[in-house]
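Chain by chain, the residues run as shown.
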Amino acid sequence: MLNKDNVRSSALIEPSKYQNRKTTSKSRGRRDVHTLLTAAQREELFLRLSGLYPSPKSELNFNNPFELLCAVVLSAQATDVSVNKVTPELFKAAPDPQAMAALGEEGIAPYIQSIGLWRAKSKSLQRLSAMLLEKFGGEVPDTFEELITLPGVGSKTAKVVLNVAFGQDTVAVDTHIYRVANRTGLCLGKDAKEVEDRIVPFIPQQYLHEAHHYLLLHGRYVCKARNPECGECILRDLCKQRLDFKERLEGRTKSQVKSTVKTKTAAKTTPKSST
C-alpha cells in the first residue's frame, strides 16, 4: 500500500493518459551517456511523480534540525518506522545537543537498542552533539562542507538535512533512489554514490527540490526491491527495466553479453594444442 500521507488517493494513473505527449528521443535533443531517457522523458517522469506524490515529506518524525539530524543518522541500515519508534523517548531525554552529549554513549544506547548498529550510532550521536556544542554554538550547520565534518554524517545524511531542514535543492541517494534511477534509466551508476554524483543534471529545475522525495517514495512503495509493482506503475511506459542492469551500464545488448559469455566459456574448455 502507498503511504496515504504522501500519495494522492487516485494515484495509480494509467500511462495511456500521457500517450499523446511527445516523449521520444526526437522531441528534445540527444541523450547523455549516463541516462537512457531524453530530456522530455525525464520531465514527463517527474511530472507524473509530482502528481502521484503531491505533498511529499520525510517519513521521519522530528521537530527541529537537531532531531532530524539525529533521526537520519539512526536511519542508516534501518527503516524509518523503526527509528520513529525510538526517537520520542530519546528526544524527550535529550532534546538538544547539550543534553545528548551529557547523556553519553551509555545513556543513549538503551533508547536505540532495537535499531541496527546501535552501538556505533550511540557513539555518533554523542560525538556529533559534542562537536555541535564545541564548533557550531549548539546549532546544526546549514552547509554541506560543515555537516560532513560531524561524526556519523556522510554525504547522504548531509543532503537530507539540507533539503528537509533548510529547504536547499539537494538530492541524497539511498538504496531506493539508486534502484529507481537505474531501473527507469533516469541515471545510471554502479552504486549510490555514483548516481548521487550524476543525477542532478538529469532533474528538471522545477522538480529539483522535491526530487529526493518523489524517487524515494516511489522506490519504497512501488518500485520495490522485491516484487516491484510494475503493472501498477505510472512510469511503466517510460521505464527501461526491460534491459538488464549490467547491460545498461556497459551499453551492450543481451545477444552481445551471451556471445561474450559463450566465447569465454569455450576458451576455457578448449584444450590448448601442444607444440
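Just so we're clear, the structure is a prediction, and the values are computed from it rather than from any experiment.

> What am I meant to see in the environment of Gly-138 here?
Within the secondary structure layout, Gly-138 lies in the loop between α5 (118–135) and α6 (144–147). Sequence-wise, Gly-138 and Asp-96 are 42 residues apart; in three dimensions their C-alpha atoms are separated by 8.0 Å. With near-sequence residues (within four places) excluded, Gly-138 lies in contact with Pro-97, Leu-132 and Leu-133.

> Explain unusual backbone geometry here, please?
Peptide bonds are trans in most cases, and residues, glycine excluded, mostly fall at negative phi. A positive phi is found at Gln-77, a non-glycine position, where the angle reads about 55°. Within the fold, Gln-77 resides in the loop between α2 (65–74) and α3 (80–93). Backbone geometry places Leu-117, a non-glycine residue, at a positive phi of 60°. With respect to the helices and strands, the residue Leu-117 is situated in the loop between α4 (97–112) and α5.

> What is the right way to look at the UniProt feature "binding site: [4Fe-4S] cluster" (unreviewed entry) in the chain in this model?
When the UniProt feature table is mapped onto this chain numbering, "binding site: [4Fe-4S] cluster" (unreviewed entry) sits at Cys-223, Cys-230, Cys-233 and Cys-239. The annotated residues occupy 17 residues of the chain but converge on a single region, no pair of C-alpha atoms lying more than 10.7 Å apart. Within the secondary structure, Cys-233 sits in the loop between α10 (208–221) and α11 (245–250). Looking at Cys-233, the relative accessible area reads 11%, which means it is buried. By the secondary structure assignment, Cys-239 is in the loop between α10 and α11.

Here is what the cut-offs are and how they apply
- Residues numbered from 1 in each chain as written.
- Predicted model: local features only at pLDDT ≥ 70, side-chain atom pairs only at ≥ 80, totals over all residues.
- Heavy atoms only, no water.
- Helix = DSSP H or I, 4+ residues; strand = E, 2+ residues; numbered from the N terminus.
- Contact = heavy atoms within 4.5 Å.
- UniProt positions renumbered as here; feature names shortened; annotations may be inferred.
- Buried < 20%, exposed > 50% of the residue type's maximum accessible area, 1.4 Å probe, protein only.

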